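# Tertiary structure, described
Given next are the chains, with one letter for each unit.
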Amino acid sequence: MAGRINDDDVKAVRDAVPIDAVVSEYLQLRNAGGGNLKGLCPFHDEKSPSFQVSPSKGLFHCFGCQEGGDTIAFVMKIDHLSFSETVERLAAKAGITLRYEEGGYNPSHQRGERIRLIEAHQAAAEFYVRALESPEAEIGRKFLAERGFDQEAATHFRVGYSPAGWDHLTRYLRGKGFSDKELITSGLSQDGRRGPIDRFRGRLMWPISDTAGDIVGFGARKLRDDDNGPKYLNTPETPIYKKSQVLYGIDLAKKDIAKASRAVVVEGYTDVMACHLAGVTTAIATCGTAFGNDHIKILRRLLMDNGSARVIFTFDGDSAGQKAALRAFEDDQKFAAETYIAIAPDGMDPCDLRLVKGDDAVRDLVEPRTPLFEFALRQIVGRYDLETPAGRAAALDEAAAVVAKIKTSSVQREVAVQLAGLVGILDQEFVVHRVAQLARWARDKGGDQGGGGRGGPQGRGPRAGAPQQTAPAPAPAFTGPALNLRSPAHRTERELLKLALQKPALVSPAFDAYGVDEFTAPPYAAVRRCIEEAGGAEQGIADDRAYLGAVLDAAPDNTVRNLVTELAVEVFHGRTIDETYAGMHLVHVRLRAVDRRIADVQSSLARLGNHVAPQDLAAAQNEVWVLQQYAQTLRAHGAAAL
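Anyway, here's the lowdown on the structure attached to this text.

Procedures and definitions
- Residues numbered from 1 in each chain as written.
- Predicted model: local features only at pLDDT ≥ 70, side-chain atom pairs only at ≥ 80, totals over all residues.
- Heavy atoms only, no water.
- Phe/Tyr/Trp six-rings, centres within 6.5 Å; stacked < 30°, edge-to-face > 60°.
- Helix = DSSP H or I, 4+ residues; strand = E, 2+ residues; numbered from the N terminus.
- Buried < 20%, exposed > 50% of the residue type's maximum accessible area, 1.4 Å probe, protein only.
- Lys NZ or Arg CZ within 6 Å of the ring centre and 35° of its normal.
- Core = buried A, V, L, I, M, F, W, Y, C linked by side-chain atoms within 4.5 Å.
- Contact = heavy atoms within 4.5 Å.
- Pairing = 2+ DSSP bridges.
- Axes fitted to C-alpha atoms, helices over the stretch in contact; angles between N-to-C directions.

## Points about the packing of aromatic side chains
- One pass over the structure, following the stated rule, counts 16 aromatic pairs.
- With centroids separated by 5.7 Å and ring planes inclined at 70°, the aromatic side chains of Tyr26 and Phe74 adopt a geometry described as edge-to-face. Of this pair, Tyr26 sits in the loop between helix H2 (19-23) and strand E1 (30-33) while Phe74 sits in helix H3 (residues 71-79), and the two are 48 residues apart along the sequence. Summarising the burial analysis for this pair, Tyr26 and Phe74 share the class buried.
- Pairwise contacts between aromatic rings join Tyr26, Phe43, Phe51, Phe60 and Phe74 into one cluster.
- Just above the ring of Tyr514 sits the side chain of Arg590; from NZ or CZ to the centre is 4.0 Å.

This is the structure:
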């Protein structure tokens with residue numbers, strides 16, 4: 001029996017496989033400064049990259065969930081492998097032959113289950129590809145040709161054919177040394193009356209790979225009328241195939257998705273092929289299931305949630321496609337990327353569109369035009385008679401509940417204004433108020449304090465000189481950083497908090513005069529409150545270690561504490577971190593708070609119209625004037641006006 005892997009071989013594997021090359025198979029990595037790389041952690045949900053990789057040290061560490069280790073530890077955790085399985089897998093990539101302490105080399109039947117199942121799928125894929133060249137597979141080649149796919153296209157996507165007999169593949173894989181148990185476990189075979197038989201018979205076959213490029217399953221398309229099975233038959237759930245966690249084409253598209261910060265989600269295997277052949281090489285598709293939360297996690301790690309990221313959904317124009325779009329919209333808020341929908345004229349899918357109108361039409365189809373939220377709202381509103389007051393009210397009730405789920409208050413307000421136009425209600429502020437009311441009710445009912453709603457100045461906003469601060473309150477128990485990383489305000493607030501934690505001398509004493517309500521994201525407001533309770537940023541000038549310790553001690557829970565730690569170690573965005581850089585962020589955060597207060601007062605006046613008392617009108621107008629003068633001074637003199 002094979003024993004433990006030789007220690008020198010384990011070390012050779014570690015040295016031969018760069019950790020950044022392995023990690024980048026699963027997520028996009030970007031420069032984090034200091035020779036490190038960063039990305040969105042694959043082990044927990046986050047909207048800000050706290051996962052860092054040090055190529056020089058061969059280590060990774062997540063400042064959010066505290067996972068860390070070397071290349072072997074990373075692969076073990078992300079693919080749920082044992083130590084030996086991981087070393088064997090990495091050794092195969094590096095071309096290293098492993099030695100075992102208790103007798104010779106590791107025979108194939110001793111290998112871990114995952115590796116054996118992947119090897120079986122790879123062998124099956126090769127078998128299916130060869131079978132596509134057989135006379136029996138003429139029906140499959142004709143199917144492809146009728147959809148505009150030649151032999152070169154079939155080869156590129158490794159499309160194959162499963163023979164119509166009972167056990168062609170099963171006998172072939174047995175001959176390769178795979179056991180009946182392995183074939184059943186893999187989903188390639190199934191139990192028959194006299195033993196295992198092929199699961200897929202007489203069908204066109206598409207191999208489905210995971211992010212790392214390993215084939216983990218197949219999608220099979222019916223070709224003959226006498227086939228009583230479903231039109232598409234996928235691999236069943238197995239130890240290596242979970243349909244909610246795979247995306248067809250991700251192995252081909254992942255590099256371009258990361259490079260372009262863009263992903264195109266289509267509905268079928270042939271749609272992916274059509275898009276890639278037309279030059280849309282970021283296209284992927286789900287495998288027999290709706291686009292869901294696990295798929296979002298895969299894309300978010302590749303897109304990195306930067307401000308320019310785009311996700312474009314293409315759905316058929318029929319009712320099923322519209323339902324799919326609405327389902328996608330329900331998960332829209334889990335993206336930091338902007339989401340769009342593309343529906344071709346005449347309801348054609350990308351495959352049909354390429355066949356009828358050519359590659360240019362496919363490329364034009366997936367250019368972002370209609371935001372997903374706009375499409376979803378139009379679908380809802382379109383079900384009502386907007387010519388009647390009752391119809392408009394009913395449409396508003398249903399659509400407003402959808403808009404209220406948007407966590408970022410600035411986006412929520414913007415969409416609410418657009419909803420007013422769709423429904424035909426002239427009083428935009430009424431709709432905005434209605435949406436905000438529903439959002440508050442939902443938070444109160446669910447106890448959710450973690451929404452991205454604005455916490456800006458309300459009645460205590462900044463005035464000329466130093467702003468009034470709200471009274472300290474218990475830190476909010478939010479469930480995680482509900483941040484909109486596309487928001488310039490959130491990015492600026494984050495950078496200012498990093499300055500207050502890492503370089504307090506650059507922002508003191510001005511920072512300590514900032515109210516908690518000047519930080520619009522609840523997680524950032526919570527960190528600001530921690531700094532306040534620790535005595536302010538000025539405490540960090542004399543003893544930064546004690547200061548950071550006090551800030552961490554003030555954190556109400558691990559979520560806030562982890563965010564403090566993250567901000568305390570994260571690199572700055574600027575190249576030169578000096579008083580000018582600090583002053584710029586101090587001014588930007590204050591200016592946005594001033595502008596928000598001005599907008600709030602003016603909005604209140606507009607809603608009240610002629611019903612406001614003269615003395616209240618005069619006071620509000622005076623407040624607006626004072627704030628406008630302060631804003632002008634800040635813009636003209638910068639940090640000197642703080």
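Having put the structure on the table, let's press on.
## Observations regarding the nonpolar core
- Counting 45 residues, the largest nonpolar core has Leu144, Val159, Leu204, Trp206 and Tyr248 as its most contacted members.
- Per-element tally for this core: the top contributor is helix H11 (residues 269-277), with five residues.
- If we ignore the near neighbours within four places in the chain, the residues touching Val159 are Val129, Leu132, Leu144, Ala154, Leu204, Met205, Trp206 and Met273.
- Formed by 32 residues, the second largest nonpolar core is a distinct cluster that contains Leu501, Val527, Phe572 and Val589.

## Quick notes on the sheet that holds strand E3 (residues 51-54)
- Judged by pairing direction, the sheet is antiparallel, and its five strands sit side by side in the order E1-E2-E3-E4-E5 without closing on themselves. For this open sheet the edge positions go to E1 and strand E5 (68-70), each flanked by a neighbour on one side alone. The mean inter-strand angle of the sheet, taken between neighbouring strand axes irrespective of direction, is 30°.
- In this sheet, strand E2 (residues 36-39) lies alongside E1 in antiparallel orientation, the contact comprising three bridges. When the sheet's bridge partners are listed, Arg30 is paired in E2 with Lys38.
- Taken strand by strand, H3 contacts E3, strand E4 (59-62) and E5, and its axis lies near 120° from that of E5.

## A closer look at the sheet that holds strand E10 (residues 215-222)
- With respect to topology, four strands assemble into an open sheet ordered E6-E9-E10-E11, the strand pairing being antiparallel. Looking at strand neighbours, the two that pair on one side only are strand E6 (160-162) and strand E11 (232-234), the edges of this open sheet. Averaged over all pairs of adjacent strands, the angle between their axes in this sheet comes to 35°, without regard to strand direction.
- As defined by bridge partners, strand E9 (residues 203-209) adjoins E10 across seven bridges and the pair is classed as antiparallel. Its bridge partner lying in E10, Arg203 is registered against Lys222.
- Docked against the sheet, helix H5 (residues 113-131) engages E6, E9 and E10, running at close to 35° with respect to E10.
- Contacting E9 and E10, helix H6 (residues 138-146) crosses the sheet at an angle of about 70° to E9.

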